[in-house]
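# Close look at the chain arrangement
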Amino acid sequence: MRETVDYNMKVVIVGDGKVGYTLTKSLSEEGHDLVVIDNNKRILLASQESLDVAVVDGNGASVEVQREAGVDTADLLIAATNGDETNLLCCMVAKKLGCKHTIARVRNPEYDQQIRFMRDELGLSMVINPEKAAALEIFRLLQFPSFLKRDSFARGNAELVELKLKDGNPLIGKPLQQFRTVADVNALVCAVERDNEIHIPKGDFTLHLGDKVTIAADAADLVKLIKNLGVYSPKAQRVMIVGGSRTAAYLAQRLIRNKIDLTIVE
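Residues numbered from 1 in each chain as written. Predicted model: local features only at pLDDT ≥ 70, side-chain atom pairs only at ≥ 80, totals over all residues. Heavy atoms only, no water.

Further remarks concern the overall build of the protein chain. A count of helical and extended segments in the protein chain gives nine helices and 13 strands. Each principal axis of the C-alpha distribution contributes one length, and for the protein chain these read about 65 × 60 × 35 Å. Taking all 266 residues of the protein chain together, the buried fraction comes to 41%. Residue pairs in contact within the protein chain that sit at least 24 positions apart in sequence constitute 54% of those at least 6 positions apart. For the protein chain, the accessible area works out to roughly 15,600 Å², and carbon and sulfur atoms hold 50% of it. Across the protein chain, the centroid of the 34 positively charged side chains sits 7 Å from that of the 36 negatively charged ones. (Helix = DSSP H or I, 4+ residues; strand = E, 2+ residues; numbered from the N terminus. Buried < 20%, exposed > 50% of the residue type's maximum accessible area, 1.4 Å probe, protein only. Contact = heavy atoms within 4.5 Å. Areas by Shrake-Rupley, 256 points an atom, 1.4 Å probe, with all protein chains shown as cover. Lys, Arg positive; Asp, Glu negative; His and termini not counted. Charge placed at Lys NZ, Arg CZ, Asp CG, Glu CD.)

Shown next as structure tokens:
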């Protein structure tokens, strides 16, 4: 009889704002043992009632509050308050108490150059910067406007891209077993969305006009892929950013480094 492995973790989330609540909801649906810390009793009560999770009222950076939440026996602490310094302090305290892993939400561009140092010195397992991640995604799409979505993995050496088959695409009417011949790259079609249904296709699956195709390929082959499929669009040369948010600052840094003509309106 095969032994059942329990992958459920004990997770403590500090901060019950939009980010914290979304994390709590997602992890709760996966069956993890959750404790939420916040100093807003009204928000905590709402989360406790709607998500059926344990809550602790207080300052998440406090040793006593973290002990009450059971951080010393937790697998993971996620600090997702609005304050970068508070999040870092929460993780420091949690690590000292014996928490196995800590994740801090750090948004300030001034800390961006110190992320590796902070991660090593403070024992952080991961640092999450939502604004920087959004800026990177925008920049990646500006490089390849032909793709609907673009994600990287294997440390950026491989890409997962999505494109829509429009009229004239050489893949239309072709079975997937001919994909590599038509695209002339070593790539794999992972999924096809058709009429709001997701298909995991086999070699005899025939592609149709309007299909949204998700393809895994080497990052170095992306230009060749879109040229061979006739969907090449030149990358943006001039960009206007409306608003001077953190996301705009991170995006502007990348655009300037890549010598793209940039205008910021604020």
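Further notes follow.
Bringing the sheet that holds strand E4 (residues 76–79) into the picture now. The parallel open sheet is built from six strands, whose spatial order is E3-E2-E1-E4-E5-E6. Taken across any chain shown, the strands that pair with only one partner, and hence form the sheet edges, are strand E3 (54–57) and strand E6 (126–128). With direction set aside, neighbouring strand axes in the sheet form an average angle of 15°. Bridge count for strand E5 (residues 101–105) against E6 is three bridges, and the pairing is parallel. Opposite isoleucine 103, over in E6, you have methionine 126 as the bridge partner. Contacts from helix H1 (residues 18–29) reach strand E1 (10–14), strand E2 (33–38), E4 and E5 within the one sheet, and its direction differs from that of E1 by about 165°. (Pairing = 2+ DSSP bridges. Axes fitted to C-alpha atoms, helices over the stretch in contact; angles between N-to-C directions.)

Scored by pLDDT, the protein chain comes out at a mean of 89, with 97% of its residues at no less than 70. Confidence drops under pLDDT 50 across residues 1–5; counting only partners more than four residues distant or on other chains, this segment forms zero contacts. (pLDDT = per-residue confidence, 0-100.)

This brings us to the side chain of threonine 24. Position of threonine 24 relative to the elements: it lies in helix H1. We classify threonine 24 as buried; its relative accessible area is 0%. Discounting residues that sit within four places of it in the chain, threonine 24 has contacts with Ile13, Leu34, Val36, Leu51 and Val53.

Here we take up the nonpolar core. One recurring pattern in soluble globular proteins: nonpolar side chains tend to sit buried together. Grouped together as the largest cluster of nonpolar side chains are 26 residues, with contacts concentrated most on Val12, Ile37, Ala69, Val71, Leu77 and Val106. Looking at this core, the elements with two or more residues in it are E1, E2, E4, helix H4 (84–97) and helix H5 (115–122). At six residues, H4 tops the list of elements feeding residues into this core. Those residues within four positions of valine 71 in sequence are excluded, and the remaining contacts are Val12, Gln66, Leu77, Ala94, Leu97 and Cys99. Counting residues in each nonpolar core, the second largest holds 22 residues, with Val161, Leu163, Val192 and Ile226 among its members. (Core = buried A, V, L, I, M, F, W, Y, C linked by side-chain atoms within 4.5 Å.)

Structurally, the position occupied by asparagine 59 is in the loop between E3 and helix H3 (63–68). Sequence separation of asparagine 59 and serine 125 is 66 residues, and the distance between their C-alpha atoms is 22 Å. Residues within four places of asparagine 59 in sequence aside, it is in contact with Ile37 and Val65. Polar contacts involving the side chain of asparagine 59 include one to the main-chain amide nitrogen of alanine 61, which spans 3.0 Å. (Polar contact = N/O pair within 3.5 Å; in protein donor to acceptor, adjacent residues only side chain to side chain.)

Once that is clear, we can look at the environment of aspartate 218. When you line up the elements, aspartate 218 lands in strand E11 (residues 212–218). For aspartate 218, a relative accessible area of 39% translates into the label partly exposed. C-alpha of aspartate 218 to C-alpha of leucine 188: the two residues are 30 residues apart in sequence and 10.0 Å apart in space. Discounting residues that sit within four places of it in the chain, aspartate 218 has contacts with Asn157 and Ala158.

Axis separation between H1 and helix H2 (residues 41–51) bottoms out at 11 Å; the angle between their running directions is 20°. Comparing their axes, H2 and H1 come out roughly parallel. For the pair H1 and H2, the sense of crossing is right-handed. Between H1 and H2, the residues in contact are Tyr21, Thr24, Lys25 and Ser28 and Ser47, Ser50 and Leu51, respectively. For the contact of H1 with H2, the per-class residue count stands at two nonpolar, four polar and one charged. (Parallel < 35°, antiparallel > 145°, perpendicular 65-115°, else oblique. Left-handed = near helix turned anticlockwise from the far one by under 90°. Nonpolar A, V, L, I, M, F, W, Y, C, P; charged D, E, K, R; others polar.)

For the rest of this paragraph, the subject is the sheet that holds strand E10 (residues 197–199). The antiparallel open sheet is built from five strands, whose spatial order is E7-E8-E11-E9-E10. Edge positions in the sheet fall to strand E7 (149–153) and E10, since each has one partner strand and no second. In this sheet, neighbouring strand axes are inclined to one another by 20° on average, regardless of whether the strands run parallel or antiparallel. Bridge count between strand E8 (residues 158–164) and E11: seven bridges; the pairing is antiparallel. What sits directly across from leucine 160, in E11, is alanine 216.

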